[in-house]
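# Coordinate analysis (summary)
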Amino acid sequence: MPLSSPVNRQLLHARNITCLGFYRDDGLWGIEGRLTDKKDYSFENENRGQVDAGEPVHDMWLRVTLNDNLLITNVEASTDASPYTICPDITKNFSRLKGITIGPGWRKAIKNKVGGIHGCTHLVELLGPIATTAYQTIFSEKAQILKKAKSSESKTKTVAGEERNKPRLLNTCHAFNESSSVVKKRWPNFYKLK
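For the structure given in this document, a descriptive report is provided here. Not measured: the values here are computed from a predicted model.

## Here we look at the overall build of the chain
A count of helical and extended segments in the chain gives 3 helices and 6 strands. Put simply, the chain runs from its N terminus to its C terminus through helices and strands in the order β-β-β-β-β-β-α-α-α. Pairs at least 24 apart in sequence give 49% of the contacts found in the chain among residues at least 6 apart. About 12,900 Å² of surface is accessible on the chain, with carbon and sulfur atoms providing 52% of the total.

Pasting the structure below:
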C-alpha cells in the first residue's frame, strides 16, 4: 500500500468511479463512466424509504461518443439510483454537450451547458474522469498507430508536422513541464533548459 498505515477506523462511505474507453466499429470513440456512492450503514430516505447498507445511494452512468479530435457527437446519461425521485429527470439535458470539444475551455462549456440547476452535480463530476479517460484512450491508440506507421516507413522520413506543432500535453503537468527530462526525451524541439 503506497500510503502509511492508517489509525483504526470504520468505513462509512465509498465512492467508486469507473471509466472505460472504447474504439467503435464506426470509427468513433466511446467513453463510458459510472459513479456509485454506497454507505456502510442503513438509513432512511424520504423518497426511497430505507436504503440498506451497501445499496447505492447514487448509481449514475454517462456514455460520451467522440471523434478523433475529441469533439462530442453524442451523450447518453442514466440515473439508476438517487436520493430523490426527480433526479433522473435531468439526464436528458446532458445531450446539450453534443458539439463541444474536450480541451481548453472544457469546464466552462460544461458549466454553461449542464451546470447548476440544468444538470446533476454527480454526473457533472463524472465528466472530469471521462475527459481524462478520453485523452488516455484516444491519444494512446493514436500513438500506437503512429508508432506502427513510423516503423513501416524509412528511418530517415518523419511524419508530417511531427516536430513543428506544439504537443498538446506540453506544460499540462509536472512530467510534461517544458524543462523536464520527459519532454527532453519525448519532444526535444520543445525542451527548454531551466
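## What to know about unusual backbone geometry
Even without being glycine, Leu 70 reaches a positive phi, approximately 65°. Relative to the helices and strands, Leu 70 resides in the loop between β5 (56-66) and β6 (72-81). The class for Leu 70 is buried, based on a relative accessible area of 0%. For Asn 171, which is not glycine, the phi torsion reads 65° and is therefore positive. The residue Asn 171 is located in the loop between α2 (121-152) and α3 (181-186) in this model. We classify Asn 171 as partly exposed; its relative accessible area is 42%.

## So, the sheet that holds β5
Strand pairing in a sheet relies on backbone hydrogen bonds, with the paired strands running either antiparallel or parallel. Spatially, the 4 strands line up as an open sheet ordered β1-β2-β5-β6, and their pairing is antiparallel. The strands lining the two open edges of the sheet, one partner per strand, are β1 (13-23) and β6. Neighbour-to-neighbour, the strand axes of the sheet open up by a mean angle of 10°, direction not taken into account. Here β1 runs beside strand β2 (residues 29-39); their pairing, made up of 11 bridges, is antiparallel. Pairing of Asn 16 across the sheet is with Thr 36, part of β2.

## Topic: helix α1 (residues 106-114)
Because the α-helix completes a turn every 3.6 residues, residues three or four places apart line up on one side. Inspection of α1 places Trp 106, Ala 109, Ile 110 and Val 114 among the buried residues, and these make up the whole buried set. The buried residues of α1 all sit within an arc of 100° when viewed along its axis, so they share a single face. Projecting away from the buried face of α1 at angles above 90 degrees are the exposed residues Arg 107, Lys 108, Lys 111 and Asn 112. Directly beyond the C-terminal end of α1, a positive phi value near 55° is found at Gly 116.

What counts and how
Residues numbered from 1 in each chain as written. Predicted model: local features only at pLDDT ≥ 70, side-chain atom pairs only at ≥ 80, totals over all residues. Heavy atoms only, no water. Helix = DSSP H or I, 4+ residues; strand = E, 2+ residues; numbered from the N terminus. Contact = heavy atoms within 4.5 Å. Areas by Shrake-Rupley, 256 points an atom, 1.4 Å probe, with all protein chains shown as cover. Buried < 20%, exposed > 50% of the residue type's maximum accessible area, 1.4 Å probe, protein only. Pairing = 2+ DSSP bridges. Axes fitted to C-alpha atoms, helices over the stretch in contact; angles between N-to-C directions. Arc of directions from axis to C-beta.

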